[in-house]
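Chain by chain, the residues run as shown.
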Amino acid sequence: MPLLFKSLSHGEIPFGFFNIETDMILLNNYFFFASDFALYITDLAAKSPDEISVLNWNGYVLKENDIGNLMAAISGVYLSGFIGEVYGYFPFPHEPDKFKQNPEGYKTRNLIEGIIKRYVPLTKIPLSLSSQALEIKIGDYLFEKVGFHELLLYLWVGGYPRWKDEVKPGYIIKMKEAITLSCNPLFKGIVFE
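Residues numbered from 1 in each chain as written. Predicted model: local features only at pLDDT ≥ 70, side-chain atom pairs only at ≥ 80, totals over all residues. Heavy atoms only, no water.

Novice: Explain unusual backbone geometry here, please?
Specialist: With glycine set apart, most residues show a phi of negative sign, and most peptide bonds adopt trans. Unlike most non-glycine residues, Asn28 shows phi in positive territory, near 55°. The residue Asn28 is located in the loop between β3 (24-27) and β4 (30-33) in this model. (Helix = DSSP H or I, 4+ residues; strand = E, 2+ residues; numbered from the N terminus.)

Novice: What am I meant to see in the pattern of salt bridges here?
Specialist: Pairing is possible between side chains that carry opposite charge, provided their charged atoms lie close to one another. Taken as a whole and judged by the stated rule, the model has four salt bridges. Taking the shortest distance from any N to any O, the salt bridge between Lys107 and Glu104 comes out at 3.2 Å. Looking at Lys107, the relative accessible area reads 56%, which means it is exposed. With a relative accessible area of 40%, Glu104 lands in the partly exposed category. Through salt bridges that share partners, Asp36, Arg109 and Glu113 make up one connected network. (Salt bridge = Lys/Arg side-chain N within 4 Å of Asp/Glu carboxyl O. Buried < 20%, exposed > 50% of the residue type's maximum accessible area, 1.4 Å probe, protein only.)

Novice: Help me understand helix α6 (residues 145-157), please; the structure alone is not making it clear to me.
Specialist: Each α-helix winds once per 3.6 residues, and so residues spaced three or four apart point in a common direction. Compared with an ideal rise of 1.5 Å per residue, which puts 13 residues at 18 Å, α6 spans 19 Å between its outermost C-alpha atoms and is within 8% of the ideal. The buried count for α6 comes to ten of 13 residues, which makes it a mostly enclosed element. All of the buried residues along α6 are Lys145, Gly147, Phe148, His149, Leu151, Leu152, Tyr154, Leu155, Trp156 and Val157. Immediately downstream of α6, the backbone of Gly158 shows phi near 90°, a positive value. (Expected span 1.5 Å × (residues − 1).)

Novice: Just checking my understanding: could you explain the packing of aromatic side chains for this structure?
Specialist: The description of an aromatic ring pair uses the distance of the two centres, along with the angle that the planes make with each other. For the coordinates displayed, the defined rule picks out 20 aromatic pairs. Residues Phe15 and Tyr154 carry aromatic rings whose centres are separated by 5.6 Å and whose planes lie at 65° to one another, so their mutual orientation is edge-to-face. You can see Phe15 sitting in strand β2 (residues 11-17) and its partner Tyr154 sitting in helix α6, a full 139 residues away along the chain. Relative accessible area serves as the criterion here: at 1%, Phe15 is assigned to the buried category. For Tyr154, a relative accessible area of 5% corresponds to the buried category. When the centroid spacing of 5.4 Å and the interplanar angle of 90° are considered together, the rings of Phe31 and Phe82 count as edge-to-face. (Phe/Tyr/Trp six-rings, centres within 6.5 Å; stacked < 30°, edge-to-face > 60°.)

Function cannot be inferred from these measures alone, as they are strictly geometric.
Shown next as structure tokens:
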């Protein structure tokens, strides 16, 4: 489930997986596939800050009215908006022990893309770094380095409720390996569990 993370630009905003059967994540009103997000991070880790002015990541920017209500979707009482439609296909599990993030959530991508594209087309979301790589801006959202690390650590563990059977998808493992080897100061100091 998405948790609140501190941004410098908008205060606390939600970030994370919103359904255990898809690898799509949200950053407030931005939606990315976690497999793409991890690949973008892997590529970013291979670059030095002076190689980066502005990059563009593929994502979806939904209007608030189109997102839907996560809590209503989880309870199954109101399946409106994009999130509600996803929960129509993949309802919240009744058994608490089944509430785990599926490491094979990427297999639902075609279905999820079809749903989200009814709301908004794929777009480019700019990413930029401060000169010392102490801050990163994803679209409108500015994070200090430590706050950005928290987003990456959330992905590493599978968010809340964590990866099913503690099995991490390959794209998450590659992201962590790239970060660990990176000379980019944006990633300095991150500690994986």
